[in-house]
Amino acid sequence: MQNFRTVDVARRVGCSVQQIRNLERDGVLPPATRTAIGYRIYTEVHVQCALAYRELAVAAGPVEAKRIVRSVHTCPASTTVALLDAAHARLHTERAELALAKKAAAVISAEPIEDVRASDWMGVAELAAALGVRSSTLRHWDTEGLVIPDRNAPTGARRYSPSQVRDARIVHQLRKAGYRIAPLRAVMAQLRRAPGSGDIDAALAIRDETLTTRSRALVDATAALARLLPPSDVSPRGTAPPPESRSRR
């Protein structure tokens, strides 16, 4: 079995020596053996654990990445496989929501807003009910500059014009698709300057690319983890177990 120094593992994984030490400290890598003078000795198992963590951190975030790789050392293989299934399922859900957001944003941003009447305006509670969100959510979007309503002069109550209602519908869809406040604020500001679906389409395309990157990382992580899991003892359907495992009659 080939042995590696800390610096060798760091180079294979593409990270710092300190990060390798941190991963061992956090239980992501199993404890390394030590030389007589205290130097760490790593093996291919440590390399695969570090590679799996690197890809999982991209796919699912560092906290979940540590949880999954640690399960290889502390749990049955079925637990690790179940955690990977859940990570794949979350990405699938995000991709499905993104597809819906693309359709919704394209339709909403292209809606004509003409012949506006006073009765077309909506209050904060009315719009919140229409979107299925809390009134506090709309107030938060106002504070963050995502959807900025007009104000009733005597009372200061928020009033949403048809164009502002459209903005709220777009924000609602993009938030559901996973967009964070800061990039969404820039998108909405641009949309208000030049109404149209181009900026929304570009933002959603970036989100699509991000999801693809995360999905590919999860595939690579799964391959690395597969090298660490014990072989399955379940025979494929329709095949008999090896002769040595059959009981004698």
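Residues numbered from 1 in each chain as written. Predicted model: local features only at pLDDT ≥ 70, side-chain atom pairs only at ≥ 80, totals over all residues. Heavy atoms only, no water.

Trainee: So, the overall build of the protein: which residues are in play, and what are the values?
Mentor: A tally of regular secondary structure across the protein gives 10 helices and five strands. In the protein, which comprises 249 residues, the proportion classed as buried is 36%. Residue pairs at least 24 apart in sequence account for 62% of intrachain contacts in the protein once pairs closer than 6 positions are excluded. About 14600 Å² of surface is accessible on the protein, with carbon and sulfur atoms providing 54% of the total. (Helix = DSSP H or I, 4+ residues; strand = E, 2+ residues; numbered from the N terminus. Buried < 20%, exposed > 50% of the residue type's maximum accessible area, 1.4 Å probe, protein only. Contact = heavy atoms within 4.5 Å. Areas by Shrake-Rupley, 256 points an atom, 1.4 Å probe, with all protein chains shown as cover.)

Trainee: Summarise the side chain of Thr80; cite the residues concerned and give the values.
Mentor: By the secondary structure assignment, Thr80 is in helix 5 (residues 77-109). Under the relative-accessibility criterion, Thr80 is labelled buried at 0%.

Trainee: I'd like a rundown of the pattern of salt bridges, residues and numbers included.
Mentor: For the structure shown, the criterion picks out 15 salt bridges. Between Arg67 and Glu64 there is a salt bridge, with the nearest N and O atoms lying 3.5 Å from each other. Of this pair, Arg67 and Glu64 both sit in helix 4 (residues 62-74), three residues apart, which is roughly one turn of that helix. Given a relative accessible area of 48%, Arg67 falls into the partly exposed group. Exposure remark for Glu64: the relative accessible area of 15% places this residue in the buried category. (Salt bridge = Lys/Arg side-chain N within 4 Å of Asp/Glu carboxyl O.)

Trainee: Mind laying out the packing of aromatic side chains, listing which residues take part and the relevant values?
Mentor: Enumeration according to the criterion identifies zero aromatic pairs in this entry. In this structure, Arg159 is placed above the aromatic ring of Trp121, and the distance from its NZ or CZ to the ring centre is 4.4 Å. (Phe/Tyr/Trp six-rings, centres within 6.5 Å; stacked < 30°, edge-to-face > 60°. Lys NZ or Arg CZ within 6 Å of the ring centre and 35° of its normal.)

Trainee: Kindly report on helix 2 (residues 17-25), identifying the contributing residues and their values.
Mentor: Within the span of helix 2, buried status applies to Ile20, Leu23 and Glu24. One face of helix 2 carries all of its buried residues, which in axial projection span an arc of 100°. Looking at the packing, one finds that the buried side of helix 2 touches helix 1 (6-13), strand 2 (40-41) and helix 3 (44-60). Once helix 2 ends, the next one or two residues include Gly27, with phi positive near 85°. (Arc of directions from axis to C-beta.)

Trainee: So what's going on with helix 3? Which residues, and what values?
Mentor: The end-to-end C-alpha distance of helix 3, which contains 17 residues, comes to 24 Å, matching closely the 24 Å that a straight helix rising 1.5 Å per residue would cover. Taken as a whole, helix 3 has its buried residues at His46, Val47, Gln48, Cys49, Ala50, Leu51, Ala52, Tyr53, Glu55, Leu56 and Ala59. Just beyond helix 3, the residue with positive phi is Gly61, at close to 95°. (Expected span 1.5 Å × (residues − 1).)

Trainee: Any details on the packing of helix 1 against helix 3? Residues and values, ideally.
Mentor: Packing of helix 1 against helix 3 leaves a shortest axis separation of 10 Å and a crossing angle of 40°. With respect to their mutual orientation, helix 1 and helix 3 come out oblique. When you trace helix 1 past helix 3, the crossing you get is right-handed. Contacts between helix 1 and helix 3 pair Val9, Arg12 and Val13 from the former with Glu44, Val47, Gln48, Ala50, Leu51 and Arg54 from the latter. Of the residues in the contact of helix 1 with helix 3, the class split is five nonpolar, one polar and three charged. (Axes fitted to C-alpha atoms, helices over the stretch in contact; angles between N-to-C directions. Parallel < 35°, antiparallel > 145°, perpendicular 65-115°, else oblique. Left-handed = near helix turned anticlockwise from the far one by under 90°. Nonpolar A, V, L, I, M, F, W, Y, C, P; charged D, E, K, R; others polar.)

Trainee: I'd like a rundown of the sheet that holds strand 4 (residues 150-151), residues and numbers included.
Mentor: Strand order in this open sheet of three strands is 3-5-4, and the pairing throughout is antiparallel. Of all strands in the sheet, those with a lone pairing partner are strand 3 (122-123) and strand 4, marking the two edges. Two strands pair when backbone bridges link them, and strand 4 and strand 5 (residues 158-160) are joined in this way by two bridges, in the antiparallel orientation. Of the residues in strand 5, the one forming a bridge with Asp150 is Arg159. Across the face of the sheet, helix 8 (residues 162-176) comes into contact with strand 3, strand 4 and strand 5 while running at roughly 90° to strand 5. (Pairing = 2+ DSSP bridges.)

Trainee: For the side chain of Ser71, give the residues involved together with the corresponding values.
Mentor: Following the sequence through the fold, Ser71 ends up in helix 4. At 2.7 Å, the side chain of Ser71 forms a polar contact with the side chain of Thr80. With sequence-adjacent residues up to four places away left out, Ser71 is seen in contact with Thr80 and Leu83. (Polar contact = N/O pair within 3.5 Å; in protein donor to acceptor, adjacent residues only side chain to side chain.)

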